[in-house]
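One-letter residues, chain by chain:
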Amino acid sequence: MTRPAQALIDLSALQHNLTRVKQAAPGRRVMAIIKADAYGHGIVRVARALNEADGYGVASIDEAIVLREAGVTRPITLLEGCFEASEMELISRHALSVVVHHAAQLDMLERAAQKSPVTVWLKIDSGMHRLGFAPVEVKPAWQRLTACAAVAQPIGLMTHLACADDISHPATLHQLECLERAAAGLPGERSIANSAAILGWPQTHADWVRPGIMLYGVSPFCGGRAAEHNLKSVMTLRSALIAVHHFKRGDAIGYGASYVCPHDMPVGVVAIGYGDGYPRHAQTGTPVLVNGRRVALIGRVSMDMICVDLSTEQGARVGDPVVLWGAGLPVEEVAEHAATIAYELLCGVARRVRCVEVHGQG
Ligand SMILES: Cc1ncc(COP(=O)(O)O)c(C=O)c1O
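Residues numbered from 1 in each chain as written. Predicted model: local features only at pLDDT ≥ 70, side-chain atom pairs only at ≥ 80, totals over all residues.

1. Side note on the overall build of the protein chain
Next, step 1: Each helix and strand counted, the protein chain has 11 helices and 18 strands in total.
Next, step 2: Along the first, second and third principal axes, the C-alpha atoms of the protein chain reach 75 × 45 × 40 Å.
Next, step 3: Per-residue burial over the protein chain gives 48% buried out of 362 residues.
Next, step 4: Nonlocal contacts in the protein chain, meaning residues at least 24 apart in sequence, comprise 63% of its contacts between residues at least 6 apart. (Helix = DSSP H or I, 4+ residues; strand = E, 2+ residues; numbered from the N terminus. Buried ≥ 20, exposed ≤ 12 C-beta atoms within 10 Å, placed from the backbone. Contact = placed C-beta atoms within 7 Å.)

Here it is as structure tokens:
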């Protein structure tokens with residue numbers, strides 16, 4: 001028997017979520033964000049399933065080339081642009097678009113000798129203070145780009161929002177105003193909105209939206225749940241019980257003996273652990289589904305195993321199915337129990353977990 005840890009990837013759910021993006025931002029073009037191996041879902045399978053997107057956003061040229069070699073022909077944008085001048089030739093050869101967020105990248109473009117001009121998004125720092133040109137630097141940077149033979153015209157204008165996931169936060173409107181002032185009078189398409197802005201800030205939709213997490217069926221809002229936005233979970237991390245024991249009151253479970261049975265109880269051992277990407281920081285009480293019903297994680301997460309309290313699931317047997325997150329158990333909820341965010345859990349699923357493509361969860 002092979003180790004039962006698997007990640008089911010529901011391609012129908014992915015397509016449903018893209019439809020939700022288009023409903024929320026009608027008429028806007030969609031740059032599907034599929035960096036970090038499509039948030040852990042498999043970049044090629046996700047790009048193929050999202051063939052109704054208008055383009056893709058990735059973090060590195062390696063990810064982009066994997067897509068081109070798999071036959072993906074739509075626009076692909078390198079969201080951090082190029083890291084060194086030597087990448088310019090590959091960028092041009094694979095017809096990639098680049099974000100230009102720093103003067104060092106302007107220098108690289110000006111020195112580039114590639115034949116076909118590259119499509120550029122000029123990144124504006126409207127207040128997140130991570131990547132991008134400060135408002136006063138925008139027009140000079142734009143002028144250098146328009147004068148550059150290596151750059152296709154017109155240039156797009158992009159910014160990223162820091163607090164769109166908090167619907168009452170004033171920063172989003174400040175960022176919008178800042179962008180409008182910095183880019184006033186400049187031609188070219190605009191792109192501002194991530195998932196939270198697509199769902200919560202329609203005034204940010206502009207020409208291109210850039211959904212990431214909502215495509216994977218996760219709420220982008222603090223404390224939110226996908227179902228509130230009619231999003232469907234794409235990844236279900238599942239495994240099985242590999243042992244069932246009956247312990248006595250006072251018996252300690254797992255490393256550090258951190259959990260002590262409060263009464264005689266059945267305990268299940270599940271073949272999943274931090275070596276698979278299940279969070280080491282998940283606390284006793286984190287929900288787990290056994291045979292489709294909720295039970296609680298108990299004790300410390302090990303590399304390959306976790307233990308669960310089967311007091312309410314007395315009939316559970318070795319081989320019974322276990323869901324760690326996904327269909328029936330929101331990944332957002334598991335993330336909260338592990339003091340992290342769903343993005344990190346999805347991106348962190350380890351390579352040893354077999355991915356299985358499915359079309360609908362029944
Ligand atoms: C520049 C940029 N745009 C869009 C996104 C998508 O964000 P989200 O996954 O919150 O929709 C990201 C993700 O980090 C990003 O870095």
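Back to the text.
2. A look at the domain arrangement of the protein chain
Next, step 1: Domain annotation of the protein chain identifies domain 1 (12-220) and domain 2 (235-358).
Next, step 2: Taking only C-alpha atoms into account, the centre of domain 1 sits 37 Å from that of domain 2.
Next, step 3: Taken together, the contact pairs 10 residues of domain 1 with 11 residues of domain 2.
Next, step 4: Here the side of domain 1 that touches domain 2 takes three residues from helix α2 (residues 35-40), the largest share from any one element. (Domains from an automatic or database assignment.)

3. As for helix α1 (residues 11-24)
Next, step 1: Taking 1.5 Å per residue as the helical rise, α1 with its 14 residues ought to reach 20 Å, and the 20 Å between its terminal C-alpha atoms agrees with that figure.
Next, step 2: Looking at α1, one finds that the buried residues are Ala13, Leu14, Asn17, Leu18, Arg20, Val21 and Ala24. Seen along its axis, α1 keeps its buried residues to an arc of 155°; they face one direction. Across from the buried face of α1, at angles greater than 90 degrees, the exposed residues are Thr19 and Gln23.
Next, step 3: Contacts from the buried residues of α1 go to β1 (6-10), β2 (29-33), α3 (43-49), α9 (195-200) and β9 (208-209). (Expected span 1.5 Å × (residues − 1). Arc of directions from axis to C-beta.)

4. Side note on the environment of Arg111
Next, step 1: As for its position among the elements, Arg111 is in helix α6 (residues 103-111).
Next, step 2: Considering only alpha carbons, one finds Arg111 and Ser97, 14 residues apart in sequence, at a separation of 17 Å.

5. Quick look at the pairing of strand β10 (residues 235-247)
Next, step 1: Examined bridge by bridge, β1 and β10 share four bridges and lie antiparallel to one another. Among the inter-strand pairings, Ile9 is bridged to a residue of β10, identified as Met235.
Next, step 2: Alignment of β10 against strand β17 (residues 321-325), held across four bridges, turns out to be antiparallel. The partner of Leu237 across the bridge, within β17, is Trp325.
Next, step 3: Across six bridges, the pairing between β10 and strand β13 (residues 265-270) is antiparallel. Within β13, the position partnered with His246 by the bridge is Pro266. (Pairing = 2+ DSSP bridges.)

6. Some details on the environment of Gln105
Next, step 1: Following the sequence through the fold, Gln105 ends up in helix α6.
Next, step 2: Along the primary structure Gln105 and Phe221 are separated by 116 residues, whereas in three dimensions their C-alpha atoms are 33 Å apart.
Next, step 3: Look past the residues within four positions of Gln105 in its chain and what remains in contact with it is Gly81, Cys82 and Val100.

7. Notes on the nonpolar core
Next, step 1: Leu122, Leu145 and Val308 are the most contacted members of the largest nonpolar core, which has 118 residues in total.
Next, step 2: No other element matches α1, which puts five residues into this core.
Next, step 3: Residue contributions to this core reach at least three from each of two domains, namely domain 1 (12-220) and domain 2 (235-358).
Next, step 4: Beyond its immediate stretch of four places on either side in the chain, Val308 contacts Gly268, Val270, Val288, Val290, Val295, Ala296, Leu297 and Ile298. (Core = buried A, V, L, I, M, F, W, Y, C linked by C-beta atoms within 7 Å.)

8. So, the pairing of β13
Residues in a regular strand point their side chains to alternate faces of the sheet.
Next, step 1: Pairing analysis gives four bridges linking β13 to strand β16 (residues 306-309), with the strands arranged antiparallel. From the neighbouring strand, Val267 faces β16, where its bridge partner is Asp309.

9. A look at unusual backbone geometry
Outside of glycine, negative phi angles account for most residues, and trans bonds account for most peptide bonds.
Next, step 1: A cis amide bond links Gln153 with the next residue in sequence, Pro154, at an omega value of -5°.
Next, step 2: If you trace the backbone, Pro154 turns up in the loop between α7 (135-146) and β7 (156-158).
Next, step 3: Even without being glycine, Ala95 reaches a positive phi, approximately 50°.
Next, step 4: With respect to the helices and strands, the residue Ala95 is situated in the loop between α5 (88-93) and β5 (97-100).
Next, step 5: Judged by the 14 C-beta atoms lying within 10 Å of it, Ala95 is partly exposed.
Next, step 6: Phi at Ala206 is positive, roughly 50°, even though this residue is not glycine.
Next, step 7: Inspection of the secondary structure puts Ala206 in the loop between α9 and β9.

10. Observations concerning the environment of Glu63
Next, step 1: Relative to the assigned elements, Glu63 resides in helix α4 (residues 61-69).
Next, step 2: Given 22 C-beta atoms within a 10 Å radius, Glu63 is considered buried.
Next, step 3: Spatially, the C-alpha atom of Glu63 lies 8.2 Å from that of Ala36, the residues being 27 residues apart in sequence.
Next, step 4: For Glu63, the contacting residues outside a window of four places in its chain are Lys35, Ile43 and Val58.

11. Re α6
Next, step 1: What α6 keeps buried is the set Gln105, Leu106, Met108 and Leu109. Considered in projection along α6, the buried side chains sweep an arc of 160° and stay on one side of the axis. In α6, those exposed residues whose orientation departs by more than 90 degrees from the buried face are Asp107 and Arg111.
Next, step 2: Of the surrounding elements, those touching the buried residues of α6 are α5, β5 and α7.

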